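What follows is each chain in one-letter form.
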Amino acid sequence: MRRIAPDVTTKARRLRKDSADAEIALWNLIRGRQLLGYKFRRQVPVGRYITDFACLERNLIVELDGGQHQEQTDYDAERTRWLESQGFRVIRFWNNQVLEETDAVQDAILLALQEVT
């Protein structure tokens, strides 16, 4: 069983309550096993990081990036490398993609679910 620091769990709970519009829109697309029957969770602690969405049975993490991510590309790259070193595949979308190109985002996630081994 994974051990997660209490402060990470508390932050994840807070993030679930304070979701951005794009996070809510994506959650409505993937929740309840809507994509090929796979279960997604949101604001999932993995190590010291909190991932936006995760399908643990396929080791797939979906991250949404808003404007703040333009200034933290090094941090995001380090985070992605660490998650990948733990066996996860990470795919990223900009918030506006989720809101404006919903079908394309959903198709990309479906493809990733099928490709993950």
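That block above? That's the structure.
What you see is a predicted model, and the numbers here were worked out from it, not measured in a lab.

1. Quick look at the side chain of Arg 79
(1) Moving on: Take Arg 79: it is sitting in helix H3 (residues 73-85).
(2) Moving on: In this view, Arg 79 contacts Tyr 49, Ile 50, Thr 51, Glu 63 and Arg 92; residues no more than four positions away in its chain are not counted.

2. Description of the packing of helix H2 (residues 21-30) against helix H5 (residues 102-115)
(1) Moving on: The geometry of H2 relative to H5 is characterised by a closest axis approach of 11 Å and an angle of 55° between their N-to-C directions. Considered as vectors, H2 and H5 are oriented oblique to each other. Handedness of the H2/H5 crossing: right-handed. Where H2 abuts H5, its residues Leu 26, Leu 29 and Ile 30 lie against Thr 102, Val 105, Gln 106 and Ile 109.
(2) Moving on: Looking at the contact of H2 with H5, its residues break down into 5 nonpolar, 2 polar and no charged.

3. Some details on H3
(1) Moving on: The end-to-end C-alpha distance of H3, which contains 13 residues, comes to 18 Å, matching closely the 18 Å that a straight helix rising 1.5 Å per residue would cover.
(2) Moving on: Every buried residue belonging to H3 is among Asp 76, Arg 79, Thr 80 and Leu 83, and all of these are buried. With its buried residues spanning 100° around the axis, H3 presents them on a single face. Summarising the geometry of H3, the exposed residues directed more than 90 degrees from the buried face are Asp 74, Arg 81 and Ser 85.
(3) Moving on: Buried residues belonging to H3 abut strand E1 (41-46), strand E2 (49-55), strand E3 (60-65) and strand E4 (89-94).
(4) Moving on: Immediately beyond the C-terminal end of H3, within one or two residues, lies Gly 87, with a positive phi of roughly 95°.

4. Notes on the side chain of Asp 65
(1) Moving on: Within the secondary structure layout, Asp 65 lies in strand E3.
(2) Moving on: A distance of 2.7 Å separates a polar atom in the side chain of Asp 65 from a polar atom in the side chain of Arg 92.
(3) Moving on: Setting aside its immediate chain neighbours within four residues, Asp 65 contacts Asp 76, Arg 92, Phe 93, Trp 94 and Asn 95.

5. Quick notes on the nonpolar core
(1) Moving on: Grouped together as the largest cluster of nonpolar side chains are 20 residues, with contacts concentrated most on Leu 26, Ile 30, Phe 40, Leu 60, Val 62 and Ile 109.
(2) Moving on: Of all the elements in the fold, those that place two or more residues in this core are H2, E2, E3, E4 and H5.
(3) Moving on: At 5 residues, the largest contribution of residues to this core is made by H2.
(4) Moving on: Formed by 7 residues, the second largest nonpolar core is a distinct cluster that contains Val 46, Ile 61, Phe 88 and Val 90.

Rules used in this analysis
- Here, residues in each chain are numbered from 1, in the same order as that chain's written sequence.
- Where local features are concerned, this predicted model is filtered to residues with pLDDT of at least 70; where side-chain atom pairs are given and counted, the filter is 80 or more; whole-chain, interface and lining totals use all residues.
- Side-chain numbers come from the whole structure's heavy atoms, not from hydrogens or water.
- Numbering of helices and strands runs from the N terminus, with a helix taken as a DSSP run of H or I at least four residues long and a strand as a DSSP run of E at least two residues long.
- It only takes one pair of heavy atoms within 4.5 Å for two residues to be counted as in contact.
- Axis definition: a line fitted to C-alpha atoms, limited for helices to the stretch in contact. Angles are taken between N-to-C directions and run from 0 to 180 degrees.
- Oblique is the label for any angle not covered by the other classes, which are roughly parallel (under 35 degrees), roughly antiparallel (over 145) and roughly perpendicular (65 to 115).
- For any helix crossing, the convention is left-handed if the near helix is rotated counterclockwise from the far helix by under a right angle, and right-handed if that rotation is clockwise.
- Here the nonpolar group is Ala, Val, Leu, Ile, Met, Phe, Trp, Tyr, Cys and Pro; Asp, Glu, Lys and Arg are the charged ones; every other residue, Gly included, is treated as polar.
- Given a helix with a known number of residues, its expected span is that number minus one, times 1.5 Å.
- Burial here depends on accessible area, computed with a 1.4 Å probe over protein chains only, as a share of the maximum for the residue type. Under 20% is buried, over 50% is exposed, and the range in between is partly exposed.
- Read the arc as the range of directions from the helix axis to the C-beta atoms.
- Polar contact criterion, stated in full: a pair of N or O atoms within 3.5 Å, where within protein one must be able to donate a hydrogen and the other to accept it, and residues adjacent in sequence count only if both atoms are side-chain atoms.
- What we call a nonpolar core is a set of buried Ala, Val, Leu, Ile, Met, Phe, Trp, Tyr and Cys residues that are connected through their side-chain atoms within 4.5 Å.

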